[in-house]
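So you can see what is in the structure, the chains are spelled out below.
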Amino acid sequence: MESPADMTSFPPSGHTTIPVALSSASVYPLSVHDTFAVAHDLGYDGVEIMVTNSQVSQDPDSLRDLSERYQQPILAIHAPTLLLTQQVWGAAWTKIELSAAMAAEVGASTVVAHPPFRWQTGYAENFAEGVQALAEQYGVTIAVENMYPWRVRGREAKAYLPHWNPIPEPYKNVTWDFSHAAIAGMDSFEQIRKLGERLRHVHLTDGTPNGKDEHLLPGEGTQRCAEALSYLSEAGFDGVVAVEVSTRKARGAGEREEQLKQTLEFAREHLRPKAVLAAHDAQ
């Protein structure tokens, strides 16, 4: 993929006032470098970097270099709070603090964090207060993501503390994920309306209530993705919509890029304000 070395500024997309970012999780198993290249080639407004075992994902200097090379601002950092990243950046609070520090260093306004696991004593008990204190310390937003119930032999196992559902919890800022909502049997359209101004970040994807975290393309599952995005546009949402879909089964780069292009077009179509749509239809 060509490097846009001749570009000197981040141009506005002109498509919608709500930026649409590409999550590095959406190009897995490709690299962080590929995330920036694909985002540039397809016309995304920026990227979300999930911190993983990849050294590039942990290095603010490398991330800034890639951001400048491909003219893709880093709009969010996803903290390594997944089960698969337990060994990254040490203890639980260290993961959050280093993510916040890196977000501030690379110019990302938002850090995405999962709620604590129940066995993370000393972290789970004061999580809401702790993330807010770190957010204020580093001048970023830490938005806690909705998760879903774990089931063992048909019964729910209490994996998260205080809960997998962030809505009743005292989190100032929330990330909403459509695939996680599908597993939990929740209607994202209704829950986003309940969250109101607490909603700061969105993971655009889809899913079905079959117990699997599928991260389907929007429109392929049961979530009301289109209605939810249209609501965000009309409600004046001023956060970021990050595309976090699974392309692991794509047959080559061409199919992967087509899926990510399709999702970007879906997002922009439904995030476009009705007044803009009306003017376009009248032409």
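Residues numbered from 1 in each chain as written. Predicted model: local features only at pLDDT ≥ 70, side-chain atom pairs only at ≥ 80, totals over all residues. Heavy atoms only, no water.

Trainee: Whenever I open this one, the overall build of the chain confuses me. Can you help?
Mentor: When its secondary structure is counted, the chain shows 10 helices and 10 strands. Out of the 283 residues in the chain, the part that is buried amounts to 52%. Put simply, 75% of the contacts in the chain that link residues at least 6 apart link residues at least 24 apart. A total accessible area of about 13,100 Å² is found for the chain, and carbon and sulfur atoms account for 50% of it. (Helix = DSSP H or I, 4+ residues; strand = E, 2+ residues; numbered from the N terminus. Buried < 20%, exposed > 50% of the residue type's maximum accessible area, 1.4 Å probe, protein only. Contact = heavy atoms within 4.5 Å. Areas by Shrake-Rupley, 256 points an atom, 1.4 Å probe, with all protein chains shown as cover.)

Trainee: What should I look at first to understand the packing of helix 4 (residues 92-106) against helix 5 (residues 127-138) in this one?
Mentor: Angle between the axes and distance between the axes are the two parameters that describe a pair of packed helices. It is the contact of helix 4 with helix 5, at a shortest axis distance of 9 Å, that shows an interaxial angle of 25 degrees. Judged by the angle between their axes, helix 4 and helix 5 are roughly parallel. In this structure, helix 4 meets helix 5 at a crossing whose hand is right-handed. Here Trp93, Ile96, Glu97, Ala100, Ala101 and Ala104 of helix 4 come into contact with helix 5, specifically with Phe127, Gly130, Val131, Leu134, Gln137 and Tyr138. Residue composition of the contact of helix 4 with helix 5, grouped by class: 9 nonpolar, 2 polar and 1 charged. (Axes fitted to C-alpha atoms, helices over the stretch in contact; angles between N-to-C directions. Parallel < 35°, antiparallel > 145°, perpendicular 65-115°, else oblique. Left-handed = near helix turned anticlockwise from the far one by under 90°. Nonpolar A, V, L, I, M, F, W, Y, C, P; charged D, E, K, R; others polar.)

Trainee: Even after reading the chapter, I still don't get the side chain of Ser57, so can you show me in this structure?
Mentor: Inspection of the secondary structure puts Ser57 in helix 2 (residues 55-58). Here the side chain of Ser57 touches Thr52 through a polar contact of 3.0 Å, landing on its backbone nitrogen. Excluding its chain neighbours within four sequence positions, the residues that come into contact with Ser57 are Val32, Ile49, Met50, Val51, Thr52, Leu63 and Met102. (Polar contact = N/O pair within 3.5 Å; in protein donor to acceptor, adjacent residues only side chain to side chain.)

Trainee: Just checking my understanding: could you explain the sheet that holds strand 1 (residues 20-23) for this structure?
Mentor: Within a sheet, neighbouring strands are paired by backbone hydrogen bonds and run either parallel or antiparallel to one another. Spatial ordering of the closed barrel is given by 1-2-3-4-5-8-9-10, a layout of 8 strands whose pairing is parallel. With strand direction ignored, the average angle separating the axes of adjacent strands in the sheet is 30 degrees. Relative to strand 8 (residues 174-177), strand 5 (residues 141-145) is paired through 2 bridges, and the arrangement is parallel. Residue pairing in the sheet places Val144 in a bridge with Val174 of strand 8. Each of strand 8 and strand 9 (199-204) touches helix 7 (residues 188-195); the most contacted strand, strand 8, lies at about 170 degrees to it. (Pairing = 2+ DSSP bridges.)

Trainee: What exactly am I supposed to notice about the packing of aromatic side chains here?
Mentor: Aromatic ring pairs are described here by two measures, namely the spacing of the ring centres and the angle between the planes. For the coordinates displayed, the defined rule picks out 9 aromatic pairs. Summarising the aromatic geometry, the rings of Phe117 and Tyr160 are spaced 5.3 Å apart at their centres and angled 20 degrees between planes, so their arrangement reads as stacked. Placement of the pair is Phe117 in the loop between strand 4 (110-113) and helix 5 and Tyr160 in the loop between strand 7 (155-157) and strand 8, with a sequence separation of 43 residues. Neither residue differs from the other here; Phe117 and Tyr160 are each classed as buried. Note on Tyr123 and Phe127: the rings are 5.3 Å apart at their centroids and 75 degrees apart in plane angle, and the pair reads as edge-to-face. Look at Tyr123 and you get buried, because its relative accessible area is 4%. The exposure class of Phe127 is buried, given its relative accessible area of 1%. Following the ring pairs from residue to residue traces out a cluster consisting of Trp93, Tyr123, Phe127 and Tyr171. (Phe/Tyr/Trp six-rings, centres within 6.5 Å; stacked < 30°, edge-to-face > 60°.)

Trainee: What exactly am I supposed to notice about helix 4 here?
Mentor: Structural remark: α-helix, 3.6 residues per turn; residues separated by three or four positions point the same way. Its 15 residues give helix 4 an end-to-end C-alpha distance of 21 Å, which sits within 8% of 21 Å, the value for a rise of 1.5 Å per residue. Of all the positions in helix 4, only Ala92, Lys95, Ile96, Ser99, Ala100, Met102, Ala103 and Val106 are classed as buried. Burial along helix 4 is one-sided: seen end-on, the buried residues are contained in an arc of 165 degrees. Those residues of helix 4 hidden inside the fold are in contact with helix 2, helix 3 (60-70), strand 3 (74-78), strand 4, helix 5 and strand 5. (Expected span 1.5 Å × (residues − 1). Arc of directions from axis to C-beta.)

Trainee: Sorry, what's going on with unusual backbone geometry here?
Mentor: Negative phi is the rule for most residues except glycine; trans is the rule for most peptide bonds. Backbone torsion omega between Tyr28 and Pro29 reads 15 degrees, so that peptide bond is classified as cis. Inspection of the secondary structure assignment puts Pro29 in the loop between strand 1 and helix 1 (32-42). The phi angle at Gln71 is positive, at roughly 50 degrees, despite the residue not being glycine. Position of Gln71 relative to the elements: it lies in the loop between helix 3 and strand 3. Given the relative accessible area of 10%, Gln71 is considered buried. A positive phi angle, close to 65 degrees, is found at Trp89, a residue other than glycine. The topology assignment puts Trp89 in the loop between strand 3 and helix 4.

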